[in-house]
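# Chains, contacts and geometry: an overview
Below, each chain spelled out in residue letters.
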Amino acid sequence: METKKNASKEHDLDAYVRMLSLADLLREPVILSAIRMLKLPSGSRGLDVGCRAGHHTLRLAKAVAPAGHVSGLDLSPELLVHARELANKSRFSEHVSFQDWDMNKLPFDDNSFDWVWSADTIWIGPKGCSAGASLPLIKELTRVVKPGGCVAILFWSSQKLLPGFPLLEARLNTTSPAIAPFTRGMKPNFHFLCTRGWLRDAYLENLVGHTFVTDFQAPLSDDIRSALTALFQSFWGNAQSEVTPEDWAEFERICQPESPDFILNRLDYSAFLTYSLFHGKVVKEKND
Ligand SMILES: C[S@@+](CC[C@H](N)C(=O)[O-])C[C@H]1O[C@@H](n2cnc3c(N)ncnc32)[C@H](O)[C@@H]1O
């Protein structure tokens, strides 16, 4: 019984990782732009906090190649199995390493890295989500970066995916699956657009916030089409109980691939998503 349960868990995880790789195609251009903006020094050592299956870790390793090194850290040992597999298939396996650990208490000495990167991980909600309190966590990330180095925090910040249906999309976006990890009742200061405030309170300097956009325009490649189809389901596929029957019928009509009105079949389909990068420089004398 237990073995069957484990096998199904592994199957779920494999399917999840496949979905992640697909979704990763959608954000690759914005992530590469963000990495370019940081101008990470060649040969530098960095930390990717909440690295999941290691997609960004490898891009970061490429940015600091040939001699740099990136440590990926995640709470989930299962996801790190996939991260190591991905790394072994790449040219950068010697330049990355992975460790399962809680980011709230990093297993590294002060000043161990030239920079820290964390994407879509420092979410704060009323239930604590992944990170607990933002300021202690930002201070913990800052602690392990050398003076003069950089702390970079990124968030998937918005998307417009349903051209012609802005109100339906807005209503779908208010449902619980779509607003995760933001939950109702979240304190205003926990919103990602307040990140520069967290960085300032952690005594970082030269604070910058910048939003990158990537477009999807018909004709879509098969991969982008599959990724967008999967995204519709992951954002809104479980929202039926939270919208009107009319909205649900409209969602199914335009977002299901088998529907004759599937929105990705439109010859003029246009959509976009954005990622926001916030970063700051670690000062010489760190304060507690
Ligand atoms: C939404 S995913 C983002 C992953 C990756 N940075 C990306 O952009 O593809 C958040 C990741 O943070 C990890 N995580 C959550 N809480 C954590 C903690 N306290 N310490 C370390 N990792 C954590 C999760 O396991 C998950 O892989």
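Whatever comes next refers back to the structure up there.
Report on the accompanying structure. (Residues numbered from 1 in each chain as written. Predicted model: local features only at pLDDT ≥ 70, side-chain atom pairs only at ≥ 80, totals over all residues.)

### A few points about the sheet that holds strand β2 (residues 69-74)
Within a sheet, adjacent strands bond to each other through the backbone by hydrogen bonds, running parallel or antiparallel. Read across the sheet, seven strands follow the order β3-β2-β1-β4-β5-β7-β6 without closing on themselves; strand pairing throughout is mixed. Each having just a single partner strand, β3 (96-100) and β6 (204-217) make up the two edges of the open sheet. Geometrically, the sheet is characterised by an average inter-axis angle of 20° between neighbouring strands, direction not taken into account. Examined bridge by bridge, strand β1 (residues 45-49) and β2 share five bridges and lie parallel to one another. Across the sheet, the residue bridging to aspartate 48 is glycine 72, located in β2. Sitting on the sheet, helix α3 (residues 77-88) touches β2 and β3, and the angle it makes with β3 is about 170°. (Pairing = 2+ DSSP bridges. Helix = DSSP H or I, 4+ residues; strand = E, 2+ residues; numbered from the N terminus. Axes fitted to C-alpha atoms, helices over the stretch in contact; angles between N-to-C directions. Contact = placed C-beta atoms within 7 Å.)

### Digging into the nonpolar core
Counting 52 residues, the largest nonpolar core has Ala34, Trp115, Val116, Val151, Ala152, Leu154 and Tyr275 as its most contacted members. Examining the composition of this core, we find that seven residues originate from one element, strand β5 (residues 145-160), more than from any other. Excluding residues that lie within four positions of it along the chain, alanine 152 makes contacts with Leu38, Trp115, Val116, Trp117, Leu277 and His279. Within the second largest apolar cluster, 17 residues are counted, among which are Leu161, Ala227, Phe232 and Tyr269. (Core = buried A, V, L, I, M, F, W, Y, C linked by C-beta atoms within 7 Å. Buried ≥ 20, exposed ≤ 12 C-beta atoms within 10 Å, placed from the backbone.)

### Some thoughts on the pairing of β1
Moving residue by residue along a regular strand, the side chains alternate between the two faces of the sheet. Burial of β1 is extensive: four of the five residues sit out of reach of the surface. As for the winding sense of the linkage, the β-α-β connection from β1 through helix α2 (residues 55-63) to β2 is right-handed. For β1 and strand β4 (residues 113-119), the ladder comprises three bridges, and the chain directions are parallel. Note on β4: the bridge partner recorded for glycine 46 is tryptophan 115. (Right-handed = clockwise from strand over helix to strand, strands pointing away.)

### Considering the pairing of β2
For β2, a buried count of six out of six residues is recorded, marking the element as mostly surrounded by other parts of the structure. Alternating residues of β2 divide into His69, Ser71 and Leu73 and Val70, Gly72 and Asp74, and every residue in both groups is buried. Pairing between β2 and β3: five bridges, direction parallel. Along β3, the bridge assignment pairs serine 71 with serine 97. Handedness of the crossover joining β2 and β3 through α3: right-handed.

### Thoughts on unusual backbone geometry
Look at the link from alanine 65 to proline 66: it is a cis peptide, with omega at 5°. Here proline 66 is to be found in the loop between α2 and β2. Omega for the peptide link from alanine 218 to proline 219 comes to 0°, which places this bond in the cis form. Looking at the element boundaries, proline 219 is found in the loop between β6 and α8 (222-236). Phi at lysine 39 is positive, roughly 45°, even though this residue is not glycine. If you trace the backbone, lysine 39 turns up in the loop between α1 (2-38) and β1. The class of lysine 39 is exposed, set by 9 C-beta atoms lying within 10 Å. The backbone of arginine 52 shows a phi angle near 50°, a positive value even though the residue is not glycine.

### Topic: the environment of alanine 218
Position of alanine 218 relative to the elements: it lies in the loop between β6 and α8. By the C-beta count within 10 Å, which is 14 here, alanine 218 ends up partly exposed. When the C-alpha atoms of alanine 218 and proline 77 are compared, they prove to be 39 Å apart, with 141 residues separating the residues in sequence. When near neighbours in sequence (up to four residues on either side) are disregarded, alanine 218 contacts Arg266, Leu267, Asp268 and Tyr269.

### A word on helix α9 (residues 245-255)
Of all the positions in α9, only Phe251, Ile254 and Cys255 are classed as buried. When α9 is viewed along its axis, its buried side chains cluster within an angular range of 85° and face the same direction. Turned more than 90 degrees away from the buried face of α9 sit Pro245, Glu246 and Ala249, all of them exposed. For α9, the secondary structure elements touched by its buried residues are α5 (166-172) and α8. (Arc of directions from axis to C-beta.)

### A look at the environment of alanine 202
Counting through the fold element by element, alanine 202 comes out in the loop between α7 (195-201) and β6. Distance from alanine 202 to alanine 83, taken between C-alpha atoms, is 30 Å for residues 119 residues apart in sequence. With near-sequence residues (within four places) excluded, alanine 202 lies in contact with Leu135, Ile138, Lys139 and Thr142.

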